[in-house]
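Residue-level listing of the chains:
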Amino acid sequence: MLSFRFTRCGSIPFKKTLMALDFRVAIDQKPGFSSSHGGSSGNLSRIRCSCAAFSSSSSRSQSFPLSGLEDVLIGYLFGKKKATEVAHMVWEQVVQKGDTVVDATCGNGYDTLAMLKMVMDESGGGHVYAMDIQDNALESTSSLLDQNVGPKEKEHIKFFNICHSKMDEIIPENSHVRLVAFNLGYLPGGNKSIITVSDTTLSALKAAERILLPGGLISLVVYIGHPGGREELEAVEAFASGLQVRDWVCCKFQMLNRPLAPVLVFIFKREM
């Protein structure tokens, strides 16, 4: 595992410090290996990223396509960008026109709309599978789409009132899925007692693992401020930590001094 932190040093603009990160490296060579690091960084803004593997190239890498996203990541770091905005920017590095993608928890539809704009092309290609267990979530998503796209564009989306754990039951067998995205927690503006839970999310992640193309991405925004949220994050972390390094790149972005902030998890499937 490789972990690093971003630190803001004196009067030097923070963006320029990205080329001089303070790295703390631990290579996990055998079961039970652990590492710790400490030290005071004063009144510094910090973010932790844990990776199963990392590409240090300054050019865009197919195995870890995060280069060029410094501005949005810094915006998130300092509270100027939402976690979902960061996720969308990462998706844009992966998704191509004509792709098939899955919104596993469509909620109020903002992710579904973003996906649609990324995949639909002039030839009629590109498909979004949008699912949610709550009827009102699908209604909200459909309403948002009606306000932003025409009927022809909306035909690129298929809606399913179904639990995300049953994802592979609705995706055609020979589909080539480039992105599977999750927003974990409760429906914003909805019933807060209806939440995603560890067991079904784990089943959904296993389904996503099976249907994802090489070069594809499983993206999660995990909200942890509600009962059960931290347990669900732990389940996501355990799933990602168990994936083979030769096949997957797994990253977590978490604010250390904002304990209730959503956690971003990106799971990239390497190109063969």
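Residues numbered from 1 in each chain as written. Predicted model: local features only at pLDDT ≥ 70, side-chain atom pairs only at ≥ 80, totals over all residues. Heavy atoms only, no water.

## Quick notes on the overall build of the protein
What the protein contains, in helices and strands, is 8 helices and 10 strands. The 272 residues of the protein split such that 50% are buried. For the protein, the accessible surface area stands at approximately 13900 Å², while carbon and sulfur atoms represent 50% of it. (Helix = DSSP H or I, 4+ residues; strand = E, 2+ residues; numbered from the N terminus. Buried < 20%, exposed > 50% of the residue type's maximum accessible area, 1.4 Å probe, protein only. Areas by Shrake-Rupley, 256 points an atom, 1.4 Å probe, with all protein chains shown as cover.)

## A word on the packing of aromatic side chains
For the structure on display, the rule yields 3 aromatic pairs. When the centroid spacing of 6.1 Å and the interplanar angle of 65 degrees are considered together, the rings of Phe253 and Phe266 count as edge-to-face. Of this pair, Phe253 sits in strand β9 (residues 248-255) while Phe266 sits in strand β10 (residues 263-269); the two residues are 13 residues apart in sequence, bridging distant segments of the chain. For the pair formed by Phe253 and Phe266, the shared burial category is buried. Measuring from centroid to centroid gives 6.4 Å for Phe266 and Phe268, while their planes differ by 40 degrees, and the two rings are tilted. Judged by its relative accessible area of 1%, Phe268 is buried. Taken together, the ring pairs in this structure connect Phe253, Phe266 and Phe268 into an aromatic cluster. (Phe/Tyr/Trp six-rings, centres within 6.5 Å; stacked < 30°, edge-to-face > 60°.)

## Describing the environment of Val249
Within the fold, Val249 resides in strand β9. Sequence separation of Val249 and Leu217 is 32 residues, and the distance between their C-alpha atoms is 9.5 Å.

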